[in-house]
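Read off the chains here:
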Amino acid sequence: MSNYTVEIKSTNKPSILKFEFNEFLTKQKGYEYHNIEEAIKSPIASQLFYLPFVKTVYISQNFIAIEKFNIVEWEDVQGEVAEQLLKHLNEGGEIVKEEEAESTKKVPVTVYAESTPNPSVMKFVANKKLVLESAEFKTIDDADRSPLAQKLFHFPFVKEVFMDENYISINKYDMAEWDMITNELRGFIKDYIEEGGTILKTGSVSKEKAEESSTPKIDTSDLDDVSKEIVQILEEYVKPAVASDGGNIVFKSYNKESKDVEVILQGACSGCPSSTITLKNGIETMLKEMLQGKINNVVAFNG
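Predicted, not measured: the structure shown is a model, and the values here were computed from it.

A. Main features of the pairing of strand β2 (residues 16-21). Judged by how many residues are buried, β2 sits mostly within the fold: five of six residues are covered. As defined by bridge partners, strand β1 (residues 6-10) adjoins β2 across five bridges and the pair is classed as antiparallel. When the sheet's bridge partners are listed, glutamate 7 is paired in β2 with glutamate 20. Taken together, β1 and the strand that follows it, β2, pair antiparallel across an intervening segment of five residues. Note: β2 against strand β5 (residues 63-68), five bridges, orientation antiparallel. By the bridge assignment for β5, phenylalanine 19 is matched with isoleucine 64.

Right, dumping it as C-alpha cells:
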C-alpha cells in the first residue's frame, strides 16, 4: 500500500476545491473531465462522477481539483471526498490510464540558469513543478532519495545540491567557473526531466534518510505565541524572497528569556557570507519592527 496524505485547499472560485497530495499523481500533463464518459481512462475521476454534486474533475501533477454543482456546500462533503480519494490512492488505484506511447514520450521542458547572491551557487529553473518538498544534499552519500542529485554529484565540480518547487540550486567547487559549466549542467538537467527521470523519491527510502535531507517540518501546535508569529512572518514575507534567490529559510527556535531567534539557511543562502549577513540583518529588522519589544537578535545557521 502507498502512503498518500491530502491537504484540502480553497481556490479563488468557491465552487472549486483543491485536494493536494504529498506525491505526484501524473508527470505528463493535466487532465480535465466534464462527465463520466470523458473520464473513461481515469478510474479515479470516474469514481468521483458517481457523486451527484461533482460537475468537473481536474487532475494535475500533485492535486485533484473538483468543481461542484450548487446542491451541496463543500464544508458538508469535503471530508468524505478526501477519504474516498485517499482510499483509492492508498489501495493502489489507478489515476489515469495513459497510452504507452504517450507515457514514454519526451515532454518538452524549459530550463534556464539564474545567478544568485552566492557566487558559488547557480539556480536552474524549470517551467514545471519538480518536487513537492525542499531537500538539500551535501554529498552523494546523502542523496539516496534523489537519483538526479546522485547523477549531478558525478560532475566533479558539483559540491552541494538543493531543490525546491520548480528549481535546483547547485553549489560548485572553485575549480570551475560558471561560464564554463552552466550550459553543460542546464542541458543535463533539461534532458533528465524531459526523459521522465525521478527527481526525488517519496517513500522508498528510510524515514531517517528522508528527514536528513528534507527541510525540517515545523509543528506550530507546540510553539508559544511569539514563535508562531515568527514562523508566520518568515513564511509570508521572507521565504518568497529567499526562494527567488535559490535558497530557503527555516525557523529553528525562539528563546523567551534572551529574545533571540535562530533560523537555518539552505541552498544559495547557506555558506554565503554576504547573503547571510544581509539576510540576518534584514530578518532582524523586520522582526523587531513587527514584533516590537519581543526580538533582540537573529542568529543564522547554515543548513
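B. Quick look at the environment of alanine 113. Residue position: alanine 113 is located in strand β6 (residues 111-115). Given the relative accessible area of 32%, alanine 113 is considered partly exposed. Taking the C-alpha atoms as reference points, alanine 113 and leucine 185, separated by 72 residues in sequence, lie 9.1 Å from one another. Not counting residues within four places of it along the chain, the set of residues in contact with alanine 113 comprises Met122, Lys123, Phe124, Thr182 and Arg186.

C. Spatial organisation of the environment of isoleucine 199. Of note, isoleucine 199 is situated in the loop between α5 (178-194) and α6 (207-213). Separated by 52 residues in sequence, isoleucine 199 and proline 147 have C-alpha atoms that sit 6.0 Å apart. When near neighbours in sequence (up to four residues on either side) are disregarded, isoleucine 199 contacts Leu130, Val131, Arg145, Ser146, Pro147, Leu148, Met163, Tyr192 and Ile193.

D. Focus on unusual backbone geometry. Phi at glutamate 165 is positive, roughly 50°, even though this residue is not glycine. Within the secondary structure layout, glutamate 165 lies in the loop between β9 (158-164) and β10 (167-172). Given a relative accessible area of 40%, glutamate 165 falls into the partly exposed group. Of note, lysine 259 is a non-glycine position whose phi angle comes to about 65°, a positive value. By the element assignment, lysine 259 lies in the loop between β11 (247-254) and β12 (260-267).

E. Summary view of the nonpolar core. In terms of nonpolar packing, the biggest core is built from 30 residues, with Leu152, Met163, Ile168, Ile170 and Leu185 touching the most fellow members. Counting only elements with at least two residues in this core, the list comes to β7 (121-126), β8 (135-137), α4 (147-152), β9, β10 and α5. Setting aside residues up to four positions removed in sequence, leucine 185 forms contacts with Phe124, Leu152, Phe155, Phe157, Val158, Ile170 and Trp178.

F. View of the pattern of salt bridges. This model, assessed by the stated rule, comprises 14 salt bridges. Across the salt bridge formed by lysine 9 and glutamate 20, the nearest N and O atoms sit 3.0 Å from each other. Of this pair, lysine 9 sits in strand β1 while glutamate 20 sits in strand β2, and the two are eleven residues apart along the sequence. Relative accessible area serves as the criterion here: at 30%, lysine 9 is assigned to the partly exposed category. Given the relative accessible area of 16%, glutamate 20 is considered buried. Across the pair lysine 55 and glutamate 67 runs a salt bridge whose closest N-O atoms are separated by 3.9 Å. Of this pair, lysine 55 sits in strand β4 (residues 54-60) while glutamate 67 sits in strand β5, placing them twelve residues apart in sequence.

Cut-offs used in this document
- Residues numbered from 1 in each chain as written.
- Predicted model: local features only at pLDDT ≥ 70, side-chain atom pairs only at ≥ 80, totals over all residues.
- Heavy atoms only, no water.
- Buried < 20%, exposed > 50% of the residue type's maximum accessible area, 1.4 Å probe, protein only.
- Helix = DSSP H or I, 4+ residues; strand = E, 2+ residues; numbered from the N terminus.
- Pairing = 2+ DSSP bridges.
- Contact = heavy atoms within 4.5 Å.
- Core = buried A, V, L, I, M, F, W, Y, C linked by side-chain atoms within 4.5 Å.
- Salt bridge = Lys/Arg side-chain N within 4 Å of Asp/Glu carboxyl O.

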